[in-house]
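# Summary of the model geometry
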Amino acid sequence: MSFSRAKRIDDLYEDVADYDLVVVPDAPLASALNRRLDQPHLGSFAITPRRLAAGRREEAEDRLAFLELVEQTDLDWKRAAHAVGDILQCWEHQGELAAILDYDAYVDDATHTAVEHIADLDTTSRRITDYQIAETQDVAVVGYDQLTQLERSILPASYETVSVFDETEPFERPPFHVFDSATAIVETVVEAVNEETADDIAIVLDQGSEFSALVESALEADAVPFFGGPGFADDPDHRTFLQLLRLAHGGTDTRVGELRPLLGRLDIALDVEHDEKRLYELDAPELEWVVDFCTHLAERTFGEALDAFEAQTGRQLEAFRDELATLGIADTRASEQAVDRLAFYLQTYEVPVERENEGVLLADAKSAAYVDRPVVFYLGLDEGWTQSAPRRPWVDQDAQYTRNIGQFQLLLQSGVTQYYLVQDARGGSPVTPCLYFEDLLEEEFERFTDLPSQTHAAQSARTGDGFKRTAVDVTPDEISTLSQSSLGTYVNSPRDYFFSRLVDGPDKEHFTEGNLFHDFAEFYATHPDFVDEMVIDDVVEYLLGETRPFVRSVDEATRRTRYRAGIETIVEFLDTQPPTDGVFLTSTSDWGENEFAEYFGKPVDSPVTERWFEDDDLGVKGKIDLVHAPSRLVDYKSGRQKSASQVVSNAAIDPPSDTPDFQALLYLTYWRSQHPTEELEFTFVHFLETLDDVVTGDADLTDTLTTVTYHPTSFEAYARSREFFEDLVEDGANKCQKTLSQVDYGEYAAVFDTAPFPDTADSDDLIDSAFGEALTRRMKYQVGDYKYVETGCKQALRQLARVRGQAFFEDDLDAFEAFLEERLAEVNRRRAGDERFPINGLGGDPNYRRVDHRDLLLEDDQ
């Protein structure tokens, strides 16, 4: 099959001008031919079979039949709609109303009932079944293959067929214009349209695609008139009312963020911090009407609910009220089942609306066969344009495909000038062209750029004044410190860090929960004697109350267990490992900042808890949960436990980790400035890690602790120290102990003078290094050339690598201080506008699982 050229409308008119009656498959084609009549014509000239038989504009008979069944029978709405659809479709393809009864698999009591009622309706299909064109008329049929069996039934015995295609001349298809995005396509179209040219332009698109909403909103924004677009159910007020009805029966887990479009239509402004909270558990005055409406909806009729909506919004929905009356449900209770039926009806049937047929014509690619406008834009042309023939035994699949592909050919040649605007890729995947092209085009292709096409680069900003700008002469403030969380975000993606400073985010369940656990830990550290079982019960209930907006009701019991386990683990930790008295510190806590201090009326004034620090010289700031001792810091964590090696690897700076986390490294860097010569520890208490064991009574507190040590020396100096040598002799692996116990420390230390010591946490690299070979050679010389000596040396080297990967050393903190200085200078340059905040971090592409503002990071805009 080739892409045949459609006859020009003037040529087609010449072919049929002398006939009394011209039967065509498409109303726009009939209108185009009728506009070219050059002399008065008695009666109809060009007309569709349905318009000819009905003598009026065709009505949606599927909706009329459905309304009849709903009013006259007790059939379920979905079953009635299904029966009506099958009956009318079979009638269309077989030519008789009762033809459906020949297909036993599709017949039941509902089908018989529907056939009986439809037989009595004055539908277009009934009229066309009873109609016959007089034999005395000279009839031409344009596009015979496009007519269904029912439409052909009106034809006289004698008629002439006229093809809409010129088989002698191929269609010179315009090139595809390839754009980067749907937005770029729509902008291109809208820039070519204005109020004066609107009546000359048509836009053909798949109404189920993203183009539909984009085109409509863009035309509205530019005050360009259009028609053929949104229907009854798409009216903003109708959609809002239906969403409100469905919300009322949507359960108690609905989050505020899910309702943003609905709240916007109701003129309700609510802070973004509430987005992840449950609607029915949020105490917000702005939502009182919505919650009251939803809570009492089941007690109201649809008419009463509409009255309440109109009173609240100040808008009148007369058309919606009329449709409720048409359905006979205005006085029906708005139960969940009734709302579902109404939603199904509006999704299934197109309710007629009054339209002004002026401006840009928006045509659906799957229903239009001809568009009579001089200029036609075709948007998308992807697989969404392909029509699937109904999978029913009464449908001739081949004939239906012939109709569909013929309609497609004719549609793509409508107008004088055609523009095919497409995307070659979407979301990183190739866009599949409409499947009809495979039969119509001779070229081999997989995507649009394999065919004659023109690629268009991203458009510059649309013309116009844009936002008003006022020049200001200010010097941007420089920041002098970074927190560990800000640093981690910045290293992953500077652009994400930038937006975190500009855009508020919603409150998170884990933040709320974590803050409360931290408050309890601080409170207990100050008042351990006050906290007994009754107080713990109160704390657990308080936690449940504060997190209830985030948590489903069905999860409350498991949450209660979880919270008690976390509280008891914190209590056990502080009881078994109490902090030192903290006389070396000054308290920085203020009563009232702690939720439980306020709840129980007891101040928290411990000098060792919640210690805020900020050091401009180092460029760091943060809050220490617990100064356990002068050389040990503690941080409480509710998340999944990480090992010491994971903590160290996540703090890497050259190159950064894919999961950057600098808390332990940053805090130890600050604490080193307070205790420069001491060995320091940073301990994470993962108080929920042993939840299952707490429930069974088998919990071990040590399983919740992860400790990372800072050694105030270089790794090489630590590795050659007598202390580490003695650790290997006493606590090393078996063959390591056996080997090194036979040499003195001097023999071990001498190895460091014979070969360079590699600074690596990779045991294989360390074993294969010159240092590793030197250690093995010397030990064999001192102990003997035994297999266990070689194995013992490898075990010692693996222990060295393990220590390197699980601790921080002086060089690490020095490098981190330099790293901080570089990042602060970089941030301030970007804040001053000297350079942009890029999307990619120091390690390349960001880890998008750790990005907070994914929708604001445009990957093509680095």
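Scope of this entry: the structure provided in the associated data block.

Cut-offs applied
- Residue numbers here run from 1 along each chain, matching the order of that chain's written sequence.
- Residue-level local features of this predicted model are given only where pLDDT is at least 70; pairs of side-chain atoms are given and counted only at 80 or more, and the full residue set underlies all totals for whole chains, interfaces and linings.
- Only hydrogens and water are set aside when side-chain values are computed; all heavy atoms of the structure are taken into account.
- Helix and strand definitions follow DSSP, with helices as H or I runs of at least four residues and strands as E runs of at least two, each counted in order from the N terminus.
- The cut-offs for exposure are 20% and 50% of the maximum accessible area for each residue type, with area from a 1.4 Å probe on protein chains only; residues under the lower value are buried, those over the upper are exposed, and the others partly exposed.
- We call two residues in contact when some of their heavy atoms are within 4.5 Å.
- A pair of strands counts as paired when DSSP detects no fewer than two bridges linking them.
- Only the contacting stretch of a helix is used when fitting its axis, a line to C-alpha atoms as for every element, and angles between N-to-C directions run 0 to 180 degrees.
- Relative orientations are named as follows: roughly parallel for angles under 35 degrees, roughly antiparallel for angles over 145 degrees, roughly perpendicular for angles from 65 to 115 degrees, and oblique for any other angle.
- Each residue is assigned to one class: nonpolar for Ala, Val, Leu, Ile, Met, Phe, Trp, Tyr, Cys and Pro, charged for Asp, Glu, Lys and Arg, and polar for all the others, Gly among them.
- Each salt bridge in this description consists of a side-chain nitrogen of Lys or Arg and a carboxyl oxygen of Asp or Glu lying within 4 Å of one another.
- Patch rule: a residue counts if its relative accessible area is over 30% and it has no salt bridge; like charges are joined within 9 Å, and nonpolar side chains (Val, Leu, Ile, Met, Phe, Trp, Tyr) within 5 Å.
- Throughout, the Shrake-Rupley method with a 1.4 Å probe supplies accessible areas, and for residues the shown protein chains are the sole cover considered.
- When charges are tallied, Lys and Arg are placed among the positive residues and Asp and Glu among the negative ones, while His and the ends of the chain are skipped.
- All charge positions are set by atom: Lys at NZ, Arg at CZ, Asp at CG, Glu at CD.
- Note that the arc is defined by the directions from the helix axis to the C-beta atoms.
- The nonpolar core is taken to be a set of buried Ala, Val, Leu, Ile, Met, Phe, Trp, Tyr and Cys residues, with the residues joined through side-chain atoms within 4.5 Å.
- A pair of Phe, Tyr and Trp rings is counted when the ring centres sit within 6.5 Å of each other, with Trp represented by its six-membered ring. The angle between the planes then sorts it: under 30 degrees is stacked, over 60 is edge-to-face, the rest tilted.
- Any Lys NZ or Arg CZ found within 6 Å of a ring centre and within 35 degrees of that ring's normal is scored as a charge over the ring.

## Structural notes on the overall build of the chain
Along the backbone of the chain there are 35 helices and 21 strands. Seen through its principal axes, the chain has C-alpha atoms that stretch 120 × 70 × 65 Å. Evaluated residue by residue, the chain yields a buried proportion of 48% over its 862 residues. Contacts in the chain between residues far apart in sequence, at least 24 positions, make up 72% of those at least 6 positions apart.

## Looking at the sheet that holds strand β10 (residues 360–364)
One open sheet accounts for 7 strands, arranged β9-β10-β8-β11-β12-β7-β15; its pairing is parallel. Since the sheet does not close on itself, it has two edges, and those belong to β9 (226–227) and β15 (453–455), each with one partner. In terms of strand pairing, strand β7 (residues 176–179) meets strand β12 (residues 417–423) through 4 bridges, oriented parallel. Note that in β12 the partner of Phe-179 across the bridge is Gln-423. Lying on the sheet, helix α9 (residues 182–191) is in contact with β7, β8 (201–205), β11 (375–379) and β12; it crosses β12 at an angle near 160°.

## Structural notes on the packing of helix α14 (residues 302–313) against helix α15 (residues 318–327)
Between α14 and α15, the least distance of the axes is 11 Å, while the angle of their chain directions is 175°. In terms of their interaxial angle, α14 and α15 are classed as roughly antiparallel. Between α14, through Phe-302, Gly-303, Leu-306, Asp-307 and Glu-310, and α15, the contact on the second element is made entirely by Glu-318, Arg-321 and Leu-324. For the contact of α14 with α15, a count of residues per class yields 3 nonpolar, 1 polar and 4 charged.

## Remarks on the environment of Glu-196
In this fold, Glu-196 is placed in the loop between α9 and β8. Owing to a relative accessible area of 64%, Glu-196 belongs among the exposed residues under this scheme. In this structure the C-alpha to C-alpha distance between Glu-196 and Val-224, which are 28 residues apart in sequence, comes to 8.9 Å.

## Here's the deal with the pattern of salt bridges
Using the criterion set out here, one finds 52 salt bridges in the structure. For Arg-50, the salt bridge identified is with Glu-61, shortest N-O distance 3.4 Å. You can see Arg-50 sitting in helix α3 (residues 49–54) and its partner Glu-61 sitting in helix α4 (residues 61–72), a full 11 residues away along the chain. You can call Arg-50 buried: its relative accessible area is 7%. Residue classification places Glu-61 among the buried residues on the basis of a relative accessible area of 9%. Asp-122 is the partner of Arg-127 in a salt bridge, and the nearest nitrogen-oxygen pair spans 2.9 Å.

## Structural notes on the sheet that holds strand β5 (residues 160–162)
Strands sit in the order β3-β2-β4-β5 across an open sheet of 4 strands; the sheet is parallel. On the outer flanks of this sheet lie β3 (46–47) and β5, each paired with one strand and no other. Pairing of strand β2 (residues 21–23) with strand β4 (residues 139–142), which is carried by 3 bridges, proceeds in the parallel orientation. Directly across from Val-23, in β4, lies its bridge partner Val-141.

## Re the pairing of strand β17 (residues 620–629)
Within β17, 8 of the 10 residues are buried, which leaves the element mostly enclosed by the surrounding structure. Hairpin remark: strand β16 (residues 609–615) followed by β17, antiparallel, with 4 residues in the connecting loop; positive phi at Gly-619, about 80°. Two elements, β17 and strand β18 (residues 632–637), share 3 bridges in a ladder whose sense is antiparallel. Across the sheet, Leu-626 pairs through a bridge with Val-634, a residue of β18. Between β17 and the antiparallel strand that follows it, β18, lie 2 residues.

## Remarks on a positive patch on the surface
Together, Arg-640, Lys-642, Arg-849 and Arg-850 line one region of the surface with positive charge. Examined against the element boundaries, Arg-640 turns out to sit in the loop between β18 and α25 (644–650). A residue is classified by how much of its surface remains accessible, and Arg-640, at 74% relative accessible area, is exposed.

## Focus on helix α13 (residues 288–296)
An α-helix turns once every 3.6 residues. As a result, residues three or four positions apart point the same way. Taken residue by residue, α13 has Val-290, Phe-293 and Cys-294 as its buried positions. One side of α13 holds all its buried residues, which, seen down the axis, span an arc of 95°.

## Considering the nonpolar core
Core analysis: the largest hydrophobic core is formed by 78 residues, its most contacted members being Phe-66, Leu-245 and Leu-342. It is helix α5 (residues 77–94) that contributes the most residues to this core, 9 residues altogether. Aside from chain neighbours lying at most four places away, what touches Leu-245 is Phe-293, Leu-297, Phe-302, Ala-305, Val-339 and Leu-342. Among the nonpolar cores identified, the runner-up in size contains 70 residues, and Ile-624, Leu-688, Leu-705 and Phe-816 belong to it.

## Re the packing of aromatic side chains
With the rule as written, the count across this model stands at 59 aromatic pairs. Plain terms: the ring middles of Tyr-599 and Phe-600 are 4.9 Å apart, the flat faces sit at 80° to each other, and that makes the pair edge-to-face. For the pair Tyr-718 and Phe-809, a centre-to-centre distance of 5.6 Å together with 55° between the ring planes defines the contact as tilted. Within this pair, whereas Tyr-718 is found in helix α28 (residues 715–719), its partner Phe-809 is found in strand β21 (residues 807–809), the two being separated by 91 residues in sequence. Its relative accessible area of 10% is what places Tyr-718 among the buried residues. On the basis of relative accessibility, which here comes to 1%, the residue Phe-809 falls in the buried class. Joined through ring pairs, the aromatic side chains of Phe-715, Tyr-718, Phe-724, Phe-725, Tyr-745, Tyr-748, Phe-752, Phe-757, Phe-771 and Phe-809 make up one cluster. In this structure, Arg-341 is placed above the aromatic ring of Trp-77, and the distance from its NZ or CZ to the ring centre is 5.4 Å.

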